Amino acid sequence: MQRRNASGGGVAVLLTAIMALLPTGCDALLDVPHLTLSKSFSRALQDCMEYLQVPGYRYAEYAANSFPDDPETKCMLRCVGLNLRWWNDTTGMQTAVIEGFFHPDPLDELYENRTAECLRKELSHADTTDCCCLAYDSFRCYLQHYGNLVPCARFYPEDETRFVRAAQDCIEFLQIPHKLLKSYSAGSFPDAPETRCLLRCFFLRTGVFHVDTGFDVERLYTRDYEQPDERYLAPETEARLHKLRGSTGDQCTEVYLAYRDVLGELGRAYYEYDVLQAAAAKMTVCEVAVEPPAMTTTTTTTTTTTPTTTTACPSTTEFNYKELNCQNCGRLFISNNGRVSCCRCMKSSTPFGKFFF
Ligand SMILES: *[C@@H]1O[C@H](CO)[C@@H](O)[C@H](O)[C@H]1NC(C)=O
Ligand SMILES: *[C@@H]1O[C@H](CO)[C@@H](O)[C@H](O)[C@H]1NC(C)=O
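Under an unreviewed UniProt entry, the name given to the protein chain is Odorant-binding protein, and the organism recorded is Anopheles merus. We quote the UniProt Subcellular location (unreviewed entry) comment for the protein chain here in full: "Secreted".

What follows is the structure, given as structure tokens:
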């Protein structure tokens, strides 16, 4: 499998533009967009040297791609693999992840065969209880046969909980109506403008979709490393996504159609719906306890039991956000101490207006 070169002129231009905007003295590289994880091999190496208290003087030889056959180095490489998620003690090498950290020679047509052969040979006589050794031997096969280690930070996969967290964030950002959340948490995803925009937000936040360049299929391929699917990287997929680019005039719809018709079934099929369902199930509590008015007057001396009233959020009759306008919401939910207490109340629907039709 040939991975396309991930660099793009647009990215460089964008980075320069971002750097120009940052106040001097800030490290632009620390200003991470969305919730994307990316890290370089050498950064992961330094992390693991710290975790495992490997003496600093060893860094020089590691940085020169020399990884001697000693217990300390072996366990450190396992740590690097766990850190970047290309190693799992149960399932071994995660090829869709580690491939991203190596750049094959463009003229080398057999790098995959040689790597596979090496893995087969090394692992056939390995002690399968020694995970450090297994990780080390597997890594060495890539280092010797697959290509050169890429010095740059590379995208690496989230774990499940971070995906759910990202979906929860998007649900909050976009103020997805309660009624839709109930539907999602029951596993049903009605085609509503909010659903479309929620998918777009989720892909954006997890770094596999960019506002100006569209879907990043290499990242999707890496993201679904547990079920690597090379159809992500196929020219046909690229062509179909390209055809959708800008065709609808609305990016939420473009993302939705791309998901429904092209990407959804690839890799972990319709994984996003599982994640959104899990996230929605965590968010369905939408009841705010309204505090009773504070007793400021001195005349009220009788002891009264002040029951806590609970105000449910308004249920929308339609999945149209404009129905849920804030004037109404505010009027309904201003308690007699003047407190507005609706958990999903928008101050104004205008900033969101462009997301919905
Ligand atoms: C390793 O893979 C197994 C089986 O897929 C999975 O259950 C486990 O969570 C993975 N471990 C890590 C640390 O990701
Ligand atoms: C490389 O491996 C692939 C898949 O196993 C095989 O089809 C192909 O013939 C191999 N190429 C060479 C030159 O050995």
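Topic: the overall build of the protein chain
Counting secondary structure elements, the protein chain contains 16 helices and ten strands. Within the protein chain, the proportion of its 357 residues that are buried is 27%. Of all intrachain contacts in the protein chain linking residues separated by at least 6 positions in sequence, the fraction that spans at least 24 positions is 68%.

Regarding the nonpolar core
Grouped together as the largest cluster of nonpolar side chains are 63 residues, with contacts concentrated most on Val80, Ala167, Ile171, Leu198, Phe202 and Val255. Taken together, domain 1 (38-155) and domain 2 (160-285) each give at least three residues to this core, which thus spans both. What Ala167 contacts, discounting residues up to four positions off in sequence, is Phe202, Val275, Leu276 and Ala279.

Observations regarding the environment of Ser66
With respect to the secondary-structure elements, Ser66 resides in the loop between α3 (59-63) and α4 (71-84). Taking the C-alpha atoms as reference, Ser66 lies 10.0 Å from Leu143; in sequence the two are 77 residues apart.

Focus on unusual backbone geometry
Across residues other than glycine, the phi torsion is negative in most instances, and most of the peptide bonds are trans. Its identity is not glycine, yet Gln53 carries a phi of approximately 55°, on the positive side. Residue position: Gln53 is located in the loop between α2 (41-51) and α3. Looking at Gln53, the number of C-beta atoms within 10 Å reads 8, which means it is exposed. The phi torsion at Gln175 lies on the positive side, around 50°, for a residue other than glycine. Secondary-structure assignment places Gln175 in the loop between α8 (160-173) and α9 (178-185).

Quick word on the confidence of the model for the protein chain
With 72% of its residues at a pLDDT of 70 or more, the protein chain has an overall mean of 80. Looking over the protein chain, one finds the lowest element-wise mean pLDDT in helix α16 (residues 350-353), namely 34, and the highest in helix α10 (residues 193-205), namely 97.

With respect to helix α14 (residues 271-283)
The terminal C-alpha atoms of α14 lie 19 Å apart, and with 13 residues this matches the ideal 18 Å at 1.5 Å per residue to within 8%. Buried residues in α14 make contact with α8, α9 and α10.

Brief notes about the packing of helix α12 (residues 235-244) against helix α13 (residues 251-263)
Two packed helices can be described by the angle between their axes and the distance between those axes. At a closest axis distance of 10 Å, the pairing of α12 and α13 adopts a crossing angle of 150°. The angle between α12 and α13 places the two elements in the roughly antiparallel class. Considering how the two elements wind past one another, α12 and α13 form a crossing that is right-handed. Across the interface between the two elements, Thr237, Arg240, Leu241 and Leu244 of α12 pack against Glu254, Leu257, Ala258 and Val262 of α13.

Here we look at α9
By the burial criterion, the buried members of α9 are His178, Leu180, Leu181 and Tyr184. Considered in projection along α9, the buried side chains sweep an arc of 155° and stay on one side of the axis. Against the buried residues of α9 lie α8, α10 and α14. Following α9 by one or two positions, Gly187 adopts a phi angle in the positive range, close to 85°.

What about the packing of α4 against helix α7 (residues 131-146)?
Where α4 meets α7, the closest approach of the two axes is 8 Å, and the angle between their N-to-C directions is 75°. In terms of orientation, α4 lies roughly perpendicular with respect to α7. Contacts between α4 and α7 involve Pro71, Lys74, Cys75, Leu77, Arg78 and Gly81 on the former and, on the latter, Cys131, Cys132, Cys133, Ala135, Tyr136 and Phe139. Its residues placed into classes, the contact of α4 with α7 shows nine nonpolar, one polar and two charged.

Some remarks on the environment of Val255
Structurally, the position occupied by Val255 is in helix α13. Look past the residues within four positions of Val255 in its chain and what remains in contact with it is Arg196, Leu199, Arg200, Phe203 and Phe209.

Description of the environment of Asp224
Here Asp224 lies in the loop between α11 (217-223) and α12. By the C-beta count within 10 Å, which is 19 here, Asp224 ends up partly exposed. Asp224 sits 43 residues away from Gly267 along the chain, and the two C-alpha atoms are 5.6 Å apart. Sequence-distant contacts of Asp224, defined by excluding residues within four places in its chain, comprise Asp229, Gly267 and Arg268.

Cut-offs and rules
- Residues numbered from 1 in each chain as written.
- Chains lettered and ligands numbered in written order.
- Predicted model: local features only at pLDDT ≥ 70, side-chain atom pairs only at ≥ 80, totals over all residues.
- UniProt positions renumbered as here; feature names shortened; annotations may be inferred.
- Helix = DSSP H or I, 4+ residues; strand = E, 2+ residues; numbered from the N terminus.
- Buried ≥ 20, exposed ≤ 12 C-beta atoms within 10 Å, placed from the backbone.
- Contact = placed C-beta atoms within 7 Å.
- Core = buried A, V, L, I, M, F, W, Y, C linked by C-beta atoms within 7 Å.
- Domains from an automatic or database assignment.
- pLDDT = per-residue confidence, 0-100.
- Expected span 1.5 Å × (residues − 1).
- Axes fitted to C-alpha atoms, helices over the stretch in contact; angles between N-to-C directions.
- Parallel < 35°, antiparallel > 145°, perpendicular 65-115°, else oblique.
- Left-handed = near helix turned anticlockwise from the far one by under 90°.
- Arc of directions from axis to C-beta.
- Nonpolar A, V, L, I, M, F, W, Y, C, P; charged D, E, K, R; others polar.

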